[in-house]
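# Observations on the three-dimensional arrangement
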Amino acid sequence: MLDQLSDRLQRVMKFLRGEGKITEDNLDEVLRMLRMAFLEADVNYRVVKDFEAKIKEKALDEKVMLSLTPSQQVIKIVRDEITGILGQEEKKLNFSSSPPSIFMLVGLQGSGKTTTCGKLAKWVKNLQKNPLLVSFDLKRPAAQEQLKMISQMLNLPFYELSKEQMASPHEVLKDIVKHAKNKGYDPLVLDTAGRLHIDEELMEELRMLRDILNPTEVIYIGDSMTGQDAVKSAQLFEERIGLTSIILTKLDGDARGGAALSIVSVTGKPIKFVGVGEKFDKFEVFHPDRMASRILGMGDVISLIEKAEKETDLKEAEELAQRLRKQEFTLEDFQKQLTQLKKMGSLSQFLNLLPTGGVFKNVSKMNIDDRKILYFEAIINSMTVRERENPKIINGSRRARIGRGSGRPVSEVNQLLKQFFEMKKMMKKSHFQKLLSSLPVSH
Ligand SMILES: Nc1nc2c(ncn2[C@@H]2O[C@H](COP(=O)(O)OP(=O)(O)O)[C@@H](O)[C@H]2O)c(=O)[nH]1
Ligand SMILES: [Mg+2]
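By convention here, each chain's residues receive numbers from 1 onward along its written sequence. Note on labels: chains are lettered from A, ligands numbered from 1, in written order. Reporting of local features is limited, given that this is a predicted model, to residues whose pLDDT is at least 70; pairs of side-chain atoms are given and counted only at 80 or more, and all residues count toward the totals for whole chains, interfaces and linings.

## Notes on the overall build of the protein
Secondary structure is summarised from DSSP: a helix means a run of H or I of at least four residues, a strand means a run of E of at least two, and numbering begins at the N terminus for each. When you go through the protein residue by residue, the secondary structure sums to 20 helices and eight strands. Relative to its 443 residues, the protein shows a buried fraction of 35%. By sequence separation, contacts in the protein at least 24 residues apart represent 77% of the contacts at least 6 residues apart. For every residue, the other C-beta atoms within 10 Å of its own C-beta are counted; 20 or more classify it as buried, 12 or fewer as exposed, and values in between as partly exposed. C-beta atoms are placed from the backbone. Whether two residues are in contact depends on their C-beta atoms, placed from the backbone: they are in contact if these lie within 7 Å.

Here it is, written out as structure tokens:
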């Protein structure tokens, strides 16, 4: 879907190939080419202007990475800017500490709200949550029917509103929340009415819902196929209702990726998921870094840049090592660490950062080869959040499920857990020793 932008960027690279370094003169041409590339990719004009200013500033100023050619430098700057807008890490859904959490989905008609209600409810169900679907389209009874059918298909509970109830929304909303509380439903996934264009009546209705419910998440559903229209209406919803997150739908089509960048930049709110198909499992957590690489579409260049950045990577690894020593170490960290290792290409560098000898002597004996890192990642990906946070609950049947989900033998799941627990134990010991050594010695 983002081929065009990559093509354009390739042209920039080609142009720069002949240039020894970036100068005021050739930078103008580069900026012109980049501007075209982004505008064509449907990135909002204001965002492009912003971008340009930043790139200009950095291109002439950035401490030159000696190992990078001018074109690679430009790509690096562009990538950094894109990640700067999209954020570095995926952002999680907020859940309320006093359930039920309320997720209110808003957006224009046809953007995919009702479908996404189903997708989102199914997704949180996999987090061992107990979602309740509610449709609050006061004008169209057919909207109720649509969500009801989805709930039946997905085998998820649905709260059906009668005509009389719809006439007095204040009471009903309070009843629904009470009902959810009593029955232990969490979150409440609320579908709302849409219009083809934003009008005051709709905004009034949504504001009323928001004021009564005080939702944990107000999620804007944006159709990425509509490009700048989705961006404009996102901005209006943000101004009139206030948003907490964004879900972009229909990214499976030939949408240009600019909408993603622009929506985040204009609203300042993170994209948390993307819809990539009509089916209810076509729903993915949004990974900003992957999106950035996809927009750039240049795997080989990126890896070159990443090599040049190893210094920084090492610093990150050092921080991780510190966390390890402090033993705030979960499977989630373990996974991050594996990703890190994969990026660095070898385990030895990481191991060098750990204090040598003592309890860490055995770490190097843990045979994690590179392929295994991939398998381990797949295994951890197949675990639920609860399992990652509390691996002790992973019993035999869970192990079997995780094995099936990741396509790896159970023995490998066992091995991963064993290594994780061993590592954790070692952290504990070293922590304990440090504690001992810091105690005042009595003479
Ligand atoms: N290809 C594709 N179609 C989608 C996606 N999400 C929703 N749709 C389709 O978009 C149309 C409108 O969706 P709907 O949920 O009724 O939109 P609403 O009016 O905002 O409630 C339906 O035909 C959906 O199947 C997606 O991620 N990819
Ligand atoms: Mg709908």
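That covers the picture; the talk isn't over yet.
## Looking at the nonpolar core
Of all hydrophobic cores here, the largest spans 74 residues; its most connected members are Phe103, Met104, Leu188, Val189, Leu190, Ile219 and Ile246. If one sorts the elements of this core by residue count, helix 4 (residues 70-86) sits on top with seven residues. If we ignore the near neighbours within four places in the chain, the residues touching Met104 are Leu190, Thr192, Leu209, Arg210, Leu213, Pro215, Val218 and Ile219. Formed by ten residues, the second largest nonpolar core is a distinct cluster that contains Leu331, Phe376, Ile379 and Met383. Put simply, a nonpolar core is buried Ala, Val, Leu, Ile, Met, Phe, Trp, Tyr and Cys residues tied into one set by C-beta atoms within 7 Å.

## Examining the site of ligand 1
Within the structure, ligand 1 sits among 18 residues, and Gly112, Lys113, Thr114, Thr115 and Gly275 are positioned closest to it. Of the residues forming the shell around ligand 1, the biggest block, three residues, is contributed by helix 5 (residues 113-125). Its residues assigned to classes, the shell around ligand 1 shows one nonpolar, twelve polar and five charged. Each residue gets a C-beta atom placed from its backbone. Should that atom fall within 6 Å of a molecule or strand, the residue is termed near it. Here the term charged refers only to Asp, Glu, Lys and Arg, the term nonpolar to Ala, Val, Leu, Ile, Met, Phe, Trp, Tyr, Cys and Pro, and the term polar to all other amino acids, Gly among them.

## Observations regarding helix 4
Working rule for helices: expected span equals 1.5 Å times residues minus one. End to end, helix 4 covers 24 Å across 17 residues, agreeing with the expected 24 Å (1.5 Å per residue, within 8%). Burial of helix 4 is extensive: 13 of the 17 residues sit out of reach of the surface. Taken from the residues just after helix 4, Gly87 is the one with a positive phi, measuring 95°.

## Thoughts on the sheet that holds strand 6 (residues 245-249)
A sheet is described by the order of its strands in space; here eight strands give the open sequence 3-2-4-1-5-6-7-8, paired in mixed fashion. The open sheet has two edge strands, strand 3 (158-159) and strand 8 (283-285), and neither has a second partner. Two strands pair when backbone bridges link them, and strand 1 (residues 102-106) and strand 4 (residues 188-192) are joined in this way by four bridges, in the parallel orientation. From the neighbouring strand, Leu105 faces strand 4, where its bridge partner is Asp191. Note on pairing: DSSP must find at least two bridges between two strands before they are called paired.

## Some remarks on the environment of Arg8
Residue placement: Arg8 occurs in helix 1 (residues 3-17). The class for Arg8 is partly exposed, based on 18 C-beta atoms found within 10 Å. As a C-alpha pair, Arg8 and Met33 span 25 residues in sequence and 7.5 Å in three-dimensional space. Excluding anything up to four places from it in sequence, Arg8 contacts Met33, Met36, Ala37 and Glu40.

## Here's the deal with the pairing of strand 7 (residues 271-275)
A large share of strand 7 lies buried, amounting to five of its five residues. Taken together, the three bridges between strand 6 and strand 7 define a ladder with parallel strand orientation. Pairing of Leu248 across the sheet is with Val274, part of strand 7. The pairing of strand 7 with strand 8 spans three bridges and is classified as antiparallel. Note that in strand 8 the partner of Gly275 across the bridge is Phe283.

## Quick word on the confidence of the model for the protein
For every residue, the pLDDT score states the predictor's confidence, bounded by 0 at the bottom and 100 at the top. Residues with a pLDDT of 70 or more make up 75% of the protein, whose mean pLDDT is 79. Note on residues 348-368: pLDDT under 50 across the span, and 24 contacts to partners over four residues away in sequence or across chains. Taken together, the stretch residues 431-443 has pLDDT below 50 and engages in three contacts with residues farther than four places along the chain or on a different chain.

## Points about the packing of helix 5 against helix 6 (residues 141-154)
An axis is simply a line fitted to the C-alpha atoms; with a helix, the fit covers only the stretch in contact. Between two such axes, the angle follows the N-to-C directions and lies from 0 to 180 degrees. One way to put it is that helix 5 packs onto helix 6 with a least axis distance of 10 Å and a crossing angle of 30°. Here helix 5 is positioned roughly parallel relative to helix 6, judged by the angle of their axes. Regarding helix 5 and helix 6, the two cross each other, and that crossing is right-handed. For the pair helix 5 and helix 6, contact is made by Thr114, Cys117, Gly118, Ala121 and Lys122 and by Ala143, Gln146, Leu147, Ile150 and Leu154, respectively. Residues that form the contact of helix 5 with helix 6 fall into these classes: six nonpolar, three polar and one charged. Convention used here: angles under 35 degrees read as roughly parallel, angles over 145 as roughly antiparallel, angles from 65 to 115 as roughly perpendicular, and any remaining angle as oblique. By definition, any crossing whose near helix is turned counterclockwise from its far helix by less than a right angle is left-handed, and any crossing with a clockwise turn is right-handed.

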